[in-house]
Amino acid sequence: MPEDYYSTLGVSQSASDEEIQKAYRELARKYHPDLNPDDEKAKRKFQEVQQAFDTLNDSEKRQMYDRFGHAYENASASGPQGWGGGGPSGGPAGGFSFEDLFGGAAGMGGAGGGGGGGFADLFKQFGQRGGGARPSGPTRGNDIEHELTVPFTSAVLGGEAQISIMRPDGSTETLQVKIPQGIEDGKKIRLRGQGEDAPAGGPAGDLLIKVNVAPHPHFRRSGKRLDVTMPVTLAEAVRGAKVDVPTPHGTLSITVPPGTSSGSKLRLKGQGVQPAKGDPGDLFAELQVVMPKELSDEDREAIGAIADKYHDNPRSGLRW
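Below is a summary of the structure that appears in this document. Computed from a predicted structure; not experimentally measured.

Remarks on the environment of Leu56
Okay, so step 1: Residue position: Leu56 is located in helix 3 (residues 40–56).
Okay, so step 2: Along the primary structure Leu56 and Ile20 are separated by 36 residues, whereas in three dimensions their C-alpha atoms are 7.5 Å apart.
Okay, so step 3: Non-local contacts of Leu56, meaning those with residues more than four positions away in its chain, are made with Tyr5, Tyr6, Leu9, Ile20, Arg62 and Tyr65.

Dropping the structure here:
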């Protein structure tokens, strides 16, 4: 007596379609003839798995199997009613007689039996309800994961890099990788067809490259926004001045207003990160007043006298 289809797939009779499909994928990979070319037992097991899946993945066939067991397969020959058609008036429920179901022709000749269909490959389209499985083409190869660290400037402006991939045969292949403009840390670049070859001549997998962006000594990034700390002299902060600011798109001159304090931020619109799609971000220059390295006692007294003149308390609003 053939093994129960649910037992063949290792699922319960109440298993969902998704659970049946998952179980089939795992078993089919394990026993696939291409992966076990000299193992007759594995080939037979694959055929049994395929036959069980062909039945349980079709809602109408599964309903008949749950009702009649393996003998349901002869029911397809009972007339033009098909799987779901009712019998003639006054006939047995479902249009099938016990003689039809359990008679001398109750062999394993139904759908999903042995032959090329069981060994063709994992050419099944999962997730269909009531329509059975359909061919969807050869199995593709596995994807390969790789990591690549790129300079901060390359992530912002785009560029190219080289990576070396170790292939299954032990050879090393060097690939040129295009770094998209504006890519963020942790994002992945996909190189189609550069993954592992398929076991049965199908399309190769992809190469997935996770991009790690190296920090910049001066610039910081948040999405499309860039921030930079801009040192200014005491004289420039007191009198005001024009100073040059480096940006990803060239050097720009900005005006420092007279009396500027450390921490003041000047916005350079559109000078941040320009993504591949969408508008560019902004660049914010945070001013940092740098005191002269050497001040004489007279200089300190003069600066102190100026501060005392205006009685300013910069900590007056500071609270816990």
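What follows continues from the structure just given.
Quick look at the packing of helix 2 (residues 17–31) against helix 3
For any two helices packed against each other, one specifies the crossing angle of their axes together with the interaxial distance.
Okay, so step 1: Packing of helix 2 against helix 3 brings their axes to within 9 Å, and their N-to-C directions diverge by 160 degrees. On the basis of their axis angle, the class for helix 2 and helix 3 is roughly antiparallel. The element helix 2 and its partner helix 3 pack so that their crossing is left-handed. Between helix 2 and helix 3, the contacting residues are Ile20, Gln21, Tyr24, Leu27, Ala28 and Tyr31 on the first element and Ala42, Lys45, Phe46, Val49, Gln50, Phe53 and Leu56 on the second.

Here's the deal with the pattern of salt bridges
Okay, so step 1: On inspection of all chains with the given rule, the structure shows 11 salt bridges.
Okay, so step 2: The shortest N-O distance in the salt bridge between Asp17 and Arg62 comes to 3.7 Å. Of this pair, Asp17 sits in helix 2 while Arg62 is found in helix 4 (residues 59–68), placing the two residues 45 residues apart along the sequence. Both residues of the pair, Asp17 and Arg62, count as buried.

Some thoughts on the sheet that holds strand 1 (residues 144–150)
Okay, so step 1: With mixed pairing, the 3 strands of this open sheet are ordered in space as 1-5-4. Every other strand in the sheet has two partners, leaving strand 1 and strand 4 (188–191) as the edge strands with one partner each. Neighbour to neighbour, the strand axes of the sheet diverge by 25 degrees on average, direction disregarded.
Okay, so step 2: Across 7 bridges, the pairing between strand 1 and strand 5 (residues 207–213) is parallel. Paired with Glu147 across the strands is Lys210, a residue of strand 5.

Observations regarding helix 9 (residues 297–310)
Okay, so step 1: With 14 residues, helix 9 extends 21 Å between its outermost C-alpha atoms, agreeing within 8% with the 20 Å of an ideal straight helix rising 1.5 Å per residue.
Okay, so step 2: Across the 14 residues of helix 9, 0 count as buried, placing the element largely on the outside.
Okay, so step 3: Looking one or two residues beyond helix 9, the residue adopting positive phi is His311, at roughly 50 degrees.

Let's talk about the packing of aromatic side chains
Okay, so step 1: Going through the model one piece at a time under the given rule, you end up with 3 aromatic pairs.
Okay, so step 2: Look at Tyr6 and Tyr65: their rings are 6.2 Å apart centre to centre, the planes differ by 50 degrees, and that puts the pair in the tilted class. You can see Tyr6 sitting in helix 1 (residues 5–9) and its partner Tyr65 sitting in helix 4, a full 59 residues away along the chain.
Okay, so step 3: The buried category is assigned to Tyr65, whose relative accessible area is 5%.
Okay, so step 4: Feature note: the residues Tyr5, Tyr6 and Tyr65 constitute an aromatic cluster, connected by ring pairs.
Okay, so step 5: The ring of Phe284 has Arg225 lying over it, and the distance from NZ or CZ to the ring centre is 4.0 Å.

Comments concerning the pairing of strand 2 (residues 159–166)
Okay, so step 1: The pairing of strand 2 with strand 3 (residues 172–179) spans 8 bridges and is classified as antiparallel. Counted as the bridge partner of Ser164 is Thr174 from strand 3.
Okay, so step 2: Hairpin connection of strand 2 to strand 3: 5 residues between the antiparallel strands, including Gly170 at a positive phi of 95 degrees.

About the criteria used
Residues numbered from 1 in each chain as written. Predicted model: local features only at pLDDT ≥ 70, side-chain atom pairs only at ≥ 80, totals over all residues. Heavy atoms only, no water. Helix = DSSP H or I, 4+ residues; strand = E, 2+ residues; numbered from the N terminus. Contact = heavy atoms within 4.5 Å. Axes fitted to C-alpha atoms, helices over the stretch in contact; angles between N-to-C directions. Parallel < 35°, antiparallel > 145°, perpendicular 65-115°, else oblique. Left-handed = near helix turned anticlockwise from the far one by under 90°. Salt bridge = Lys/Arg side-chain N within 4 Å of Asp/Glu carboxyl O. Buried < 20%, exposed > 50% of the residue type's maximum accessible area, 1.4 Å probe, protein only. Pairing = 2+ DSSP bridges. Expected span 1.5 Å × (residues − 1). Phe/Tyr/Trp six-rings, centres within 6.5 Å; stacked < 30°, edge-to-face > 60°. Lys NZ or Arg CZ within 6 Å of the ring centre and 35° of its normal.

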